[in-house]
Every structure is written in C-alpha cells, then in structure tokens.
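Structural overview
As a plain string of letters, each chain reads:
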Amino acid sequence: MRQCFTLVAVLLGMSAYTQDRGWLESHARAYLDTLTSPAFHGRGYVNGGDAIAADWIGAQFERFGLKPVKKDLFQPFTFNVNSFPDSIKVSVDGQLLVPGTDFIVSAKSGSAKGSYHLVHLTIDDLLTPERRAMTMGVITGKAACIHFGSTTDQDTLAMYRAFEEELMLHGPVVKPVAGKLTWSVAREAMRHPLIEIASEALTDSSLIIDLEVTNKLLVRHQARNVLGMAKGKGKGWIVLGAHYDHLGRMGPDALFPGANDNASGVAMLLSLAEYFSKHPAKNNILFVAFAGEEAGLVGSEWCVVDRPIDWAGVKLMINLDILGTGDDGITVVNATAQQAAFDKLVGINTERQLLAQIKSRGPACNSDHCPFVKREIPSIYIYTLGGVAHYHDVLDRAETLPLTEFADVYELLKEFISSMR
Ligand SMILES: [Zn+2]
C-alpha cells in the first residue's frame, strides 16, 4: 500500500513538473514575443524603444510584487548614443539594396546624401604617410571602397579600423563584407558614414554608389536600469541581472529584434523573479534589467557606481545574456574565479540530469558581470551553447529561437539560488 502510495506521489510529481514546464515555456515564449515585437523597436534608440521596454519590465516586476530598493524601480543615467531614425537608401550602380540584409550602416556613421564615384583602395594605398596623404586627396568628393584583405590578427584589425576612421573624416567609406553582417551601437558619430555591403552586391568593378544616410547623435540620452527585490529570509544578497537593451532600428525598415540577445535572458530574469517573489529564498534577491549593455556595459557600470544596495552583502552576481538555445549546454564565464559556485552548478546538473554540459571559462569582460567583477563583487555570467547562431543581425528573431533548454536552465538556477546559504 505504502509503495503504491509512493508511486502515485511520484507520478503526480512528474505530471506537475511536466505541467510546470509547459506553463514556464509558454510564459517565456510570450515574454520573448513581446520584447521582440515591432512596438518595442528592437529596444534601442529609435522611437524610444529602450524606454518602452523599461516601462514594460517595471510593470512585470510590480505584477510579481518585487519591491524597489530606492524610491522606485528605476535607476536613471545618461549617455550619448548614435541613432538612425530616418529612412536609409543605398544603391550600387543603380541597384537598390535592402537595409539589414544587403548592407548595414556602421554604428559610428555620420550622414551622407548624393551620388558618389567609388575609388577602390587596397591596404597599399594607405600604408605610408605619403601614400595616405595622396589617397586622401584622390578620394575627396568621392566614396572610398576598401578592400583590405581578411585577417584575424588583432593588431592588423586595429590598424584597419584606424584607416577606416581616417577615411571617414574625408568622405563616405564602403566596404564589401563576405559572410554575415553584424551590427552594433556607438556612443559617438563620425562626420561621414561607413557602409558595410554584402560582397555579392559590391565588387571591385562597382562604379557608383547613391547614398541617403542620416544619423542622429542623441546627446545625454536618458536610459534606465530596472531594479526590484524579492525579500529573503536572511540578510545576504544575490544579484540576478540581464540586459534588456538591444540595437534598435537602423531606419524604419531594418529592425534588430534581439531575441537571443537578450530577450531570452530577460525572459529568464522575469521567470525567476516571479518564482522567488512567491517562494522566498534564504538570501534577498536583487533583480536587475540593465540598459545600455550594447553601447558598452553602460548600465551595469552605472549600477555598480550608484550602489543601490551595499555590495559587501552580495554573495554572488549572476549575469544572464543569451539563453535561447542550450543544445550543447551552457558556459559559465568567470567560473575559474568562482570555483565553489561552479562546482555547485555542476553538482546540481549531474544530480538532476538537466543540461548536456556546463563548461567552465575564465574571466572575460564581455557582458554586464564585468563591472561587478572589477569591483570585486563575486560574479559569474551564463550563456547557452549550440543551436541557432544569429547574432546582432535582423535574423535574431523570436520565431526561430528554439528556447531548447530554457526550462532546464530555469530549474538549474532555481535550485542553485534556493540552495545558497
Ligand atoms: Zn547581450
């Protein structure tokens, strides 16, 4: 009888787990769809997309009953950011190109309007000061098309960038790119634009480029981190963070939805915020949705400086950025500096059989944990491995993001945070 009862309990438990999983996945999917919808404008700087996202996340925190640590849930700060609100038109030899797919306007771009003859340059045209001076003369009133040759050498790439910027002082610069076009955000603007064009659409025999590019540098743009706490049973703190900003729009026609980067991390943050608001952990948990990550970790930098709580009480900061797949498990950045936390994650994973693997990686200043690490606040950063790899492009969409291991990463974090004393 007792055995039978145990079996029923196990089956009930299992179906509850499956039910919970379905509930969790459908909620995560709804969060993802909202954050990546055109109404959020890629959570960037055209049409105030970042502010729309901040308000919406604040409303979710309120719905869960998270409490402000200061006067309200928002932590404002400002930074300069370049943006492209207006329609962008690029044609090569009369062929109109598709923004985001055939070309991107480099984040630091200034404005240009007109028809330009292309002057094709190789690295040899720039290597000595004499050649450079001559080249700058030749390209005046024209557009420089650069063919620098591919390399992965960091010093060479830095030299290429310096030459690009020097050319951008003189006029529009265009560059054929083989492979994917990857966009970003810049906090400054050059005088002229740099257009990266898919190499099928721009060859070394292209003659004329027509440009209609208008940038708008937003000076002291007001952004906000969103912070809410779930009270625990003790005095210690865990900080859970995920950036909600992405790249926004490049003109009205190219939307960068940022599903994996980082609507997926925000969906995890919200899911865990809802759980811990109903099931207090031993530690207090500060949930932070960071702004300005893509512009260079500006939001997390400000959060650390502004000190919403006493950082001395923080046992661990966990940064979530890119959690939409997981076919090959997860990586923990800064694991080598937080060995005990890493071992515990591995222990839970082995016992619960959740993820294919948990990979250890050393320190890397590649997301919002970094400013915390620099302040010697114990921190790790978790991202998923495998599956689709769209990154900083128009293809990073909710429809194609599988959320393969979302529920298992959620289980892992839930148990890990709950078990921290
Ligand atoms: Zn990111």
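For every chain, the first residue of the written sequence is number 1, and numbering continues from 1 along that sequence. Under the rules for a predicted model, residues below a pLDDT of 70 receive no local features and side-chain atom pairs below 80 are neither given nor counted, while totals for whole chains, interfaces and linings still include all residues. Water and hydrogen atoms were dropped before computing side-chain values, which therefore reflect all heavy atoms in the structure.

Focus on the nonpolar core
Residues Ile197, Ile209, Phe287, Ile318 and Ile382 are the most contacted members of the largest nonpolar core, which totals 101 residues. Starting at the N terminus, helices and strands are each numbered in turn, a helix being any DSSP run of H or I of at least four residues and a strand any DSSP run of E of at least two. At 11 residues, helix H5 (residues 259-278) tops the list of elements feeding residues into this core. Taken domain by domain, the makeup of this core includes at least three residues from each of domain 1 (24-82 + 219-419) and domain 2 (87-213). Residues in contact with Ile209, not counting those within four places in the same chain, are Val90, Ser91, Val92, Gly114, Ser115, Tyr116, Leu118, Ala143, Val174 and Ile197. In terms of nonpolar packing, the next biggest core, distinct from the first, is built from 16 residues, Val119, Ile139, Ile146 and Phe148 among them. To define a nonpolar core, start from buried Ala, Val, Leu, Ile, Met, Phe, Trp, Tyr and Cys residues and group those joined through side-chain atoms within 4.5 Å. Using a 1.4 Å probe on the protein chains alone, a residue whose accessible area is under 20% of its type maximum counts as buried, one over 50% counts as exposed, and one in between counts as partly exposed. Per the annotation, domain bounds derive from an automatic or database assignment of domains. The contact criterion used throughout is that any non-hydrogen atoms of two residues lie within 4.5 Å.

Side note on the sheet that holds strand S18 (residues 379-384)
The 8 strands lie next to each other as S1-S10-S14-S11-S15-S18-S16-S17, forming an open sheet whose pairing is mixed. Two strands bound the open sheet, and with one partner strand each, they are strand S1 (74-83) and strand S17 (358-360). In this sheet, neighbouring strand axes are inclined to one another by 25° on average, regardless of whether the strands run parallel or antiparallel. Where strand S15 (residues 314-320) meets S18, 4 bridges bridge the pair, whose relative direction is parallel. If you follow Met317 over to S18, its bridge partner there is Ser379. Here, axes are lines fitted to C-alpha atoms. For helices the fit covers the stretch in contact, and angles between N-to-C directions go from 0 to 180 degrees. In the packing of helix H9 (residues 406-419) onto the sheet, contacts are made with strand S11 (237-243), strand S14 (284-290), S15, strand S16 (330-333), S17 and S18, and the angle to S15 comes to roughly 170°. A pair of strands is treated as paired once DSSP finds two or more bridges between them.

Brief notes about the domain arrangement of the protein chain
For the protein chain, the assigned domains are domain 1 (24-82 + 219-419) and domain 2 (87-213). Taking only C-alpha atoms, the centre of domain 1 and the centre of domain 2 are 35 Å apart. At the interface, 23 residues of domain 1 touch 21 residues of domain 2. A combined buried area of about 1500 Å² lies between domain 1 and domain 2, and 63% of that area is made up of carbon and sulfur atoms. A 1.4 Å probe defines the accessible area here, and the buried area is the portion of it lost by two parts on being joined, summed over both. Of all residues in domain 1, Asn82, Leu247 and Met250 give up the largest surface area on contact with domain 2, accounting jointly for 38% of the area buried on that side. Basic side-chain nitrogens of Lys or Arg form a salt bridge, by our definition, when they fall within 4 Å of a carboxyl oxygen of Asp or Glu. The tally of links from domain 1 across to domain 2 stands at 1 salt bridge. Two N or O atoms form a polar contact when they lie within 3.5 Å of each other; inside protein one atom must be a possible hydrogen donor and the other a possible acceptor, and for residues adjacent in sequence the pair counts only when both atoms belong to side chains. Scanning the region where domain 1 abuts domain 2 turns up 7 residue pairs in polar contact (both at pLDDT 80 or more). Breaking the side of domain 1 that touches domain 2 down by element, the ones donating at least two residues are S1, strand S12 (248-250) and strand S13 (254-256).

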